[in-house]
Amino acid sequence: MSDSTAREEPELVQLLTPDGEYVPHPDYPFDPTPDHVRGLYRDLVLVRRLDAEAVALQRQGELGLWASLLGQEAAQIGSGRALQPQDMAFPSYREHGVAWCRGVTHRDLLAMFRGVTNGGWDPYEHNFHLYTIVIGSQTLHATGYAMGVQRDGALGPDGTAVITYFGDGATSQGDTNEAFNYAAVNNAPVVFFCQNNQWAISEPSERQTRAPIYRRAAGFGFPGLRVDGNDVFACLAVTRDALQRAREGQGPTLIEAFTYRMGAHTTSDDPTRYRASEEAEEWRRKDPIARVRSYLVREGMADDDFFAGVDAEAEKLGEQVRTDCRALPDPAPLDIFREVYAEPHSHLDQQRAEFADYLASFEGAEGAAR
Amino acid sequence: MTQQGIRQFALPDVGEGLTEAEILSWAVQPGDEVKVNQVICEIETAKAVVELPSPFPGRVSELLVEAGTTVAVGTPIIAVDTGGADGAPPAPAAAASADSARPAEEKPEPVLVGYGVKSGATRRRSRRRTGPPALSRPAAPQRGTRTVVLAKPPVRKLAKDLGVDLHAVTPSGPNGIVTREDVRRHAAQAEPQPAPRAPEPAVSAPAPTAADRTAREERIPVRGVLKHMAAAMVDSAFTAPHVTEFLQVDVTRTVKAVRRLRERPEFADVKVSPLLLVARALLVAVRRHPRINASWDEANQEVVVRHYVNLGIAAATERGLVVPNIKDADRLPLPNLARALAELTEKARSGRTSPADLTGGTITITNIGVFGVDGGTPILNPGEAAILAVGQIRDMPWVHKGKLKIRKVATLSLSFDHRLVDGELGSKVLRDVGAVLENPKELVLAWG
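Residues numbered from 1 in each chain as written. Chains lettered and ligands numbered in written order. Predicted model: local features only at pLDDT ≥ 70, side-chain atom pairs only at ≥ 80, totals over all residues. Heavy atoms only, no water.

### A word on the overall build of chain A
Then step 1. Within chain A, the regular secondary structure consists of 15 helices and seven strands.
Then step 2. Classification of the 370 residues of chain A by burial places 55% in the buried group.
Then step 3. Of the contacts made within chain A by residues no fewer than 6 positions apart, 76% connect residues no fewer than 24 positions apart.
Then step 4. With the model as given, the accessible surface of chain A reaches about 15,900 Å², and the carbon-plus-sulfur share is 50%. (Helix = DSSP H or I, 4+ residues; strand = E, 2+ residues; numbered from the N terminus. Buried < 20%, exposed > 50% of the residue type's maximum accessible area, 1.4 Å probe, protein only. Contact = heavy atoms within 4.5 Å. Areas by Shrake-Rupley, 256 points an atom, 1.4 Å probe, with all protein chains shown as cover.)

What follows is the structure, given as structure tokens:
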């Protein structure tokens, strides 16, 4: 590749400009009906509110940790709303917006970050796998699952597609590149959805890759594209297209959603130590929610009552999140003995009995051991 | 509850496993109304500066910790009168301390992360002594017979730091576990007694009273800036072989140049001090000898030469020694450098130095002249190859143009890391700094 090719400005799929202007794209049809757009706006606002409340709860000692999605709402809601019920999603640990679209409750998410459960929800109930903290390994799980879908013969126009979420940092992992290759050679029905939020904790994306991430797919032999990750229309349209291709047996796609992590990596991180505030300011002008609001106003699709209604709903959700978080029950001490192994065995039984006796040795312990 | 509706908010662990934080500033005052999630204060932990939102609404009745104080996770920091009407569950006191004298209205709250609850606060049900525990492992062994002391690693570290033999400590934790409190108590009891006094002269001084004895010593906990300084200095002193060289310089012309600069319009709004010209002189020397602006990379066995200068200035503050640095100081025109110096000093004095200001330094100046001394052997800021100490400027007899005159003279002391800076390079740098200060005109004023 010559120098000039390497440096040309990557093409970015965008349907909604930061000013809220809708620009149709020939390859990615999107129908911005009032109901549809209002629904997306509501999703974006509510999930941002949920996220903000969780950050506050962590600061008040109610959660051990929280990974904020601030700034990435459009990438998650857009791709999440593109999923069909039968599709399976493999998230990393920041996909609260996708979880929202899949019907995973905030209680389930909070329980994990509060440390009162090791998992949180039944992946098959929502077709949304458990959060994966290990960087990039879920791309392999997704690829394997997709190969299973293939072997089940579950492909076709109404078949099953698989999507997996990861960040720019994960593209440096062996797992992710192995997943790309396996998916490609097996033509697996999987969409690799990379939220390039520019920062892998404190490592900027230019130290992650020399070439734009989406171009990596070409080397593995499948299509890749870059989408404006702060444009919910575009994220929805390109993901729907990629999922449909997968469903119909045309193999994997890499989507690089170009976005920005407006907050810290997690509540344990302080981004002011490593990045300039001007950068965040520049991205603030590209806010994913502001542009949908502009569009709604511009097109006369929503009035002040609508916006006030969504805001009130968001406030209510915030309070609900707070109340529910504090009410989360602690696990019973003996639960751990039935959650590690699928079936009991004698050594485990012995440990369990010893621990139960130990618990019973405290005064007033009747019934506490459950 | 004795006081209906008064709720306390205990400092949470906002990182993962943090033990303490400093309250930097309060955003509310007693009497203020607060809403849920309204920012009440800013705290600094080992990891980050973060804002804390209020967990409940009401009127602030008391700030329990002063700004600038470092407190342990679990310490109540603010009391809010919620009027008992907020309907929220009791305060999420993560690890309330025993001495907070909280009414026993709350059940112990779970500890989410970090260290366990202090023993006094757990209100743990005591063990029933109705028979031997059914455990196959031995119960807490008796003192004297055991060989292994039960204690968590941080407690072991504390004991080591305090010079306490864990075997000698009476454990109070469950199963004979030695707690942090036990170690502290033991250390306090084992305080060294005053050494036997030498035979008194015939006219003996009055025997010291108990009050005198306690006043003869003071124990200052090593934490915060002091702790950081100690660790950095030990790290530097015992890693980098230090060499210090001295040079006495006639700085009469520098003093005059400072006076002239003050009259220039571009310096009208900023303080100009000899330190500014020392900084510029060092930057000139770095430009001539880039290898002085470098660090030793032990892991990769490489010398890292920086093509930028983040100029550190050691500053004595109320909280102790901090060394913030001016980023890309080599690219600043003199007025901007003056402004950056003033801003850095002001921030350090008012305690607003940010973590970013404190990291990434490449070379440092320490102005010991302000303390009225001439020279010293400064210890390198870790990761840097050189540090320049500037002594006081004093009138001295000096041979100037062949005659004995009274001139302004200062001593420069340059310490360098002899792993990567040899005597020749170090001497050249020091000499060049001195030469610029002896004749500051052209170089200092023309550049930039």
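### Looking at the overall build of chain B
Then step 1. Helix and strand content of chain B: ten helices and 20 strands.
Then step 2. In chain B, which comprises 448 residues, the proportion classed as buried is 39%.
Then step 3. Excluding contacts between residues fewer than 6 apart, the proportion of contacts in chain B whose partners are at least 24 apart in sequence is 60%.
Then step 4. Accessible area of chain B: about 24,500 Å², with a carbon and sulfur share of 54%.

### Considering the pairing of strand β12 (residues 294–297) of chain B
All names here are of chain B.
Then step 1. Examined bridge by bridge, β12 and strand β13 (residues 302–305) share four bridges and lie antiparallel to one another. Pairing of Asp297 across the sheet is with Glu302, part of β13.
Then step 2. From the end of β12 to the start of β13, which pair antiparallel, there are four residues, and Gln301 there has a positive phi angle of about 50 degrees. (Pairing = 2+ DSSP bridges.)

### Some remarks on the packing of aromatic side chains
All names here are of chain A.
Then step 1. Throughout the structure, instances matching the rule amount to 27 aromatic pairs over all chains.
Then step 2. Measuring from ring centre to ring centre gives 4.5 Å for Phe30 and Phe233, while their planes differ by 25 degrees; the resulting arrangement is stacked. Of this pair, Phe30 sits in the loop between α1 (3–7) and α2 (34–59) while Phe233 is found in helix α10 (residues 232–247), placing the two residues 203 residues apart along the sequence.
Then step 3. Of the residues examined, Phe233 reaches a relative accessible area of 0% and is grouped as buried.
Then step 4. Through pairs of rings, three or more aromatic residues link up here, namely Trp66, Phe113, Trp121, Phe128 and Tyr131. (Phe/Tyr/Trp six-rings, centres within 6.5 Å; stacked < 30°, edge-to-face > 60°.)

### Section: the side chain of A:Asp168
Then step 1. Its location among the elements puts A:Asp168 in the loop between β2 (162–167) and α8 (174–186).
Then step 2. Of the side chains with opposite charge, A:Arg261 lies nearest to the buried A:Asp168, which makes no salt bridge, at 7.5 Å. (Lys, Arg positive; Asp, Glu negative; His and termini not counted. Salt bridge = Lys/Arg side-chain N within 4 Å of Asp/Glu carboxyl O.)

### A closer look at the packing of helix α5 (residues 106–114) of chain A against helix α13 (residues 304–327) of chain A
Between two packed helices, what matters for the description is the angle formed by their axes and the separation of those axes.
All names here are of chain A.
Then step 1. Close contact between α5 and α13 brings their axes to 10 Å; oriented N to C, the two are set at 50 degrees. Taken together, the axes of α5 and α13 are oblique relative to one another. Relative to α13, the crossing made by α5 is right-handed. Residue-level inspection shows His106, Arg107, Leu110 and Arg114 of α5 in contact with α13, the latter providing Leu317, Gln320, Val321, Asp324, Cys325 and Arg326. (Axes fitted to C-alpha atoms, helices over the stretch in contact; angles between N-to-C directions. Parallel < 35°, antiparallel > 145°, perpendicular 65-115°, else oblique. Left-handed = near helix turned anticlockwise from the far one by under 90°.)

### Thoughts on a nonpolar patch on the surface
All names here are of chain A.
Then step 1. Among the surface-exposed residues, Ile336, Val340 and Tyr341 lie close enough to one another that they form a single nonpolar patch of about 290 Å² accessible area.
Then step 2. Positionally, Ile336 belongs in helix α14 (residues 336–339).
Then step 3. Of the residues examined, Ile336 reaches a relative accessible area of 41% and is grouped as partly exposed. (Patch = residues over 30% accessible without salt bridge, like charges linked within 9 Å, V, L, I, M, F, W, Y side chains within 5 Å.)

### As for the environment of A:Gln150
All names here are of chain A.
Then step 1. Mapped onto the elements, Gln150 comes out in helix α7 (residues 137–151).
Then step 2. Overall, Gln150 belongs to the partly exposed group, its relative accessible area being 22%.
Then step 3. When the C-alpha positions of Gln150 and Asn186 are compared, they lie 9.2 Å apart, and in sequence the two are 36 residues distant.
Then step 4. Excluding residues that lie within four positions of it along the chain, Gln150 makes contacts with Leu155, Asn186, Asn187, Ala188 and Pro189.

### Overview of helix α1 (residues 153–162) of chain B
Two residues of an α-helix separated by three or four positions point the same way, owing to the 3.6 residues in each turn.
Residue and element names in this part refer to chain B.
Then step 1. Val155, Leu158 and Ala159 are the residues of α1 that are buried. Along the axis of α1, the buried residues cluster in a sector spanning 100 degrees; they form a single face. Away from the buried face of α1 by more than 90 degrees, exposed residues Pro153, Lys157, Lys160 and Asp161 are located.
Then step 2. Against the buried residues of α1 lie β9 (150–151), β10 (177–178) and α2 (180–189). (Arc of directions from axis to C-beta.)

### Quick word on the UniProt feature "domain: Peripheral subunit-binding (PSBD)" (unreviewed entry) in chain B
Then step 1. The residues that UniProt annotates with the feature "domain: Peripheral subunit-binding (PSBD)" (unreviewed entry) are residues 150–187 of chain B.
Then step 2. Across residues 150–187 of chain B one finds 47% helix and 11% strand; the C-alpha atoms that close the span lie 18 Å apart. (UniProt positions renumbered as here; feature names shortened; annotations may be inferred.)

### Quick look at the nonpolar core
Then step 1. The biggest cluster of nonpolar side chains holds 71 residues, and the ones touching the most others in it are A:Tyr131, A:Val227 and A:Phe233.
Then step 2. Aside from chain neighbours lying at most four places away, what touches A:Phe233 is A:Leu15, A:Leu16, A:Tyr22, A:Phe30, A:Pro32, A:Val37, A:Leu40 and A:Tyr295.
Then step 3. Counting residues in each nonpolar core, the second largest holds 51 residues, with B:Ala279, B:Leu282, B:Val309 and B:Ala338 among its members. (Core = buried A, V, L, I, M, F, W, Y, C linked by side-chain atoms within 4.5 Å.)

### A short note on unusual backbone geometry
Among all residues save glycine, negative phi is the norm, and among peptide bonds the norm is trans.
Then step 1. Despite not being glycine, A:Asn127 shows a phi value in the positive range, around 50 degrees.
Then step 2. Within the secondary structure, A:Asn127 is located in the loop between α6 (123–126) and α7.

### Some words on the sheet that holds β2(A)
All names here are of chain A.
Then step 1. As summarised here, the arrangement of the five strands in space is β1-β2-β3-β7-β6, forming an open sheet in which the pairing is parallel. Among the strands making up the open sheet, the edge pair consists of β1 (88–90) and β6 (224–228). Between one strand axis and the next, the sheet turns through 20 degrees on average, direction left out of account.
Then step 2. Where β2 meets strand β3 (residues 190–196), six bridges bridge the pair, whose relative direction is parallel. When the bridges of β3 are listed, Thr164 appears paired with Phe192.
Then step 3. On the sheet, α7 packs against β1, β2 and β3 and is oriented at approximately 170 degrees with respect to β2.

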